[in-house]
Amino acid sequence: MKKMLFIMNPFAGMRRANRYLSDIISLFNRADYEVNIRMTAGTGDAANFAEAHSVGMDLVVCCGGDGTLNETITGMLRAGATAPIGYIPAGSTNDFAASLKLSTNIMQAAQDILEGEATFYDVGRFGDRYFSYVASFGAFTKSSYATPQSVKNALGHTAYVLEGISELSQIRPLHIRMEMENETVEDDFIFGCISNSTSIGGVLTLDPKIVDMADGLLEVFLVRAPRNLTEISECIQALQSQRYNDCAMITFGPARKIRVSAPETMPWTLDGEKYDGQAEIEVENLHHAIRLMKRVDTHA
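Residues numbered from 1 in each chain as written. Predicted model: local features only at pLDDT ≥ 70, side-chain atom pairs only at ≥ 80, totals over all residues. Heavy atoms only, no water.

Enquirer: Which residues make up the pattern of salt bridges, and what values do they have?
Expert: Per the counting criterion, the structure on display carries 9 salt bridges. Between arginine 177 and glutamate 186 there is a salt bridge whose closest N-O contact spans 2.9 Å. When its relative accessible area of 43% is taken as the criterion, glutamate 186 is described as partly exposed. Overlapping salt bridges bring together Arg125, Arg259, Glu282 and Glu284 as one network. (Salt bridge = Lys/Arg side-chain N within 4 Å of Asp/Glu carboxyl O. Buried < 20%, exposed > 50% of the residue type's maximum accessible area, 1.4 Å probe, protein only.)

Here it is, written out as structure tokens:
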């Protein structure tokens, strides 16, 4: 039999995947997989399980939210594991799944893994950590990790929006310097992200014609503080039309490597999880770092 590691976060989203556990395992058993099950109980468990058990597996499947996927990828990269990854999205937002148009129907997602092909995708390295789709700071980023799990389970994505609105009165510009291959940007920003995704926080959507999650590039998106209602309107129009470079408050462009200088006390969010800030951080694209099982008739 083929060997499969199955990592599940039973607290993700509205815990909706829990009722399908036996059906998921049965599906992979019938496909001739011997399934090694690991259930997470807290932060870091998925990374530890992946690091300890993914080497030698024919397939690694994780079921949970973006944070669970992040940890699974992190553990596999640390271990040097090369097995393809299957992802069953079961979180509150599922940005990574939205970018790749993965099914959020639990059993359909499991079936798609079996019927899919291993496709290469990039991963971001952030200092000594990794992110599958985004590293962000500033406005609205705190809501992803500050919202209690019980509230996320009860309200789903709405919980992030409500928590983000509560942050508005606390937004302060942050002085950031980003050195990229062909450009250096330094200014006061209220929001910024380095991403490999078309969906960020379920709020910001980047043009899929511009973003290629396997092209060796990351996208840098920075927003300066609007000074008046006219500039706020310009920002909103640029975001809605996805013509980001038409707005003076927005800096947007691709980069392979970025050196970030930021306030040491400024927290970041990596795939929805908090990461303590550093004065200097190196970020780079790890080209084709993972292989993800994906149906060939589903377009990224």
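Moving on, there is more to tell.
Enquirer: Describe the side chain of threonine 251, with residues and values.
Expert: Along the chain, threonine 251 turns up in strand β13 (residues 250-255). Filtering out sequence-adjacent residues up to four positions away, threonine 251 remains in contact with Val185, Val220, Phe221, Leu222 and Arg224. (Helix = DSSP H or I, 4+ residues; strand = E, 2+ residues; numbered from the N terminus. Contact = heavy atoms within 4.5 Å.)

Enquirer: I'd like a description of the pairing of strand β1 (residues 2-8), backed by residues and values.
Expert: Where burial is concerned, most of β1 is hidden: 5 out of the 7 residues are buried. As judged from the 7 bridges shared by β1 and strand β2 (residues 33-39), these two strands associate in the parallel manner. Of the residues in β2, the one forming a bridge with methionine 4 is valine 35. Once you follow β1 into helix α1 (residues 21-30) and on to β2, the crossover reads as right-handed. (Pairing = 2+ DSSP bridges. Right-handed = clockwise from strand over helix to strand, strands pointing away.)

Enquirer: Please give an account of α1 that cites residues and values.
Expert: Among the residues of α1, Ile24, Ile25, Leu27 and Phe28 are the ones counted as buried. Burial along α1 is one-sided: seen end-on, the buried residues are contained in an arc of 155°. Away from its buried face, by an angle of more than 90 degrees, α1 presents the exposed residues Ser22 and Arg30. Once α1 finishes, aspartate 32 follows within two positions and takes phi at roughly 75°, a positive value. (Arc of directions from axis to C-beta.)

Enquirer: Run through the side chain of glutamate 231, naming residues and quoting values.
Expert: Tracing the backbone shows glutamate 231 in helix α9 (residues 229-241). Not counting residues within four places of it along the chain, the set of residues in contact with glutamate 231 comprises Ala225, Pro226 and Met249.

Enquirer: Account for the packing of helix α2 (residues 45-53) against helix α3 (residues 66-79), naming residues and giving values.
Expert: Direction vectors running N to C along α2 and α3 enclose 35°, while the axes themselves pass 7 Å from each other. Considering how the two elements wind past one another, α2 and α3 form a crossing that is right-handed. On α3, the residues that touch Asp45, Ala46, Ala47, Ala50 and Glu51 of α2 are Thr68, Glu71, Thr72, Gly75, Met76, Arg78 and Ala79. Partitioning the contact of α2 with α3 into residue classes produces 5 nonpolar, 3 polar and 4 charged. (Axes fitted to C-alpha atoms, helices over the stretch in contact; angles between N-to-C directions. Left-handed = near helix turned anticlockwise from the far one by under 90°. Nonpolar A, V, L, I, M, F, W, Y, C, P; charged D, E, K, R; others polar.)

Enquirer: Please set out the packing of aromatic side chains residue by residue, giving values where relevant.
Expert: Under the defined criterion, the tally for this structure stands at 9 aromatic pairs. Centre to centre, the rings of phenylalanine 28 and tyrosine 33 are 6.1 Å apart; their planes meet at 75°, and the pair counts as edge-to-face. The exposure classification of phenylalanine 28 matches that of tyrosine 33, with both residues buried. Their ring planes at 85° and their centres at 5.3 Å tell us that phenylalanine 126 and tyrosine 275 sit as a pair that is edge-to-face. Of the two residues, phenylalanine 126 is situated in strand β5 (residues 117-126) and tyrosine 275 in strand β16 (residues 273-275); the sequence distance between them amounts to 149 residues. (Phe/Tyr/Trp six-rings, centres within 6.5 Å; stacked < 30°, edge-to-face > 60°.)

Enquirer: Quick one: what's the story with the packing of α1 against helix α5 (residues 106-115), residue by residue and with numbers?
Expert: As a packed pair, α1 and α5 sit with axes 10 Å apart at the nearest point and diverge in direction by 20°. The pairing of α1 with α5 is recorded here as roughly parallel in orientation. Seen along the crossing, α1 lies across α5 with a hand that is right-handed. Between α1 and α5, the contacting residues are Asp23, Ile24, Leu27 and Phe28 on the first element and Ile106, Met107, Ala110, Gln111, Ile113 and Leu114 on the second. Here the residues of the contact of α1 with α5 are counted per class, giving 8 nonpolar, 1 polar and 1 charged. (Parallel < 35°, antiparallel > 145°, perpendicular 65-115°, else oblique.)

Enquirer: Explain the pairing of strand β14 (residues 257-261) to me, using residue names and the numbers behind them.
Expert: Two elements, strand β8 (residues 174-179) and β14, share 3 bridges in a ladder whose sense is antiparallel. Its bridge partner lying in β14, arginine 177 is registered against serine 261. As judged from the 5 bridges shared by β14 and strand β17 (residues 280-294), these two strands associate in the antiparallel manner. Along β17, the bridge assignment pairs lysine 257 with glutamate 284.

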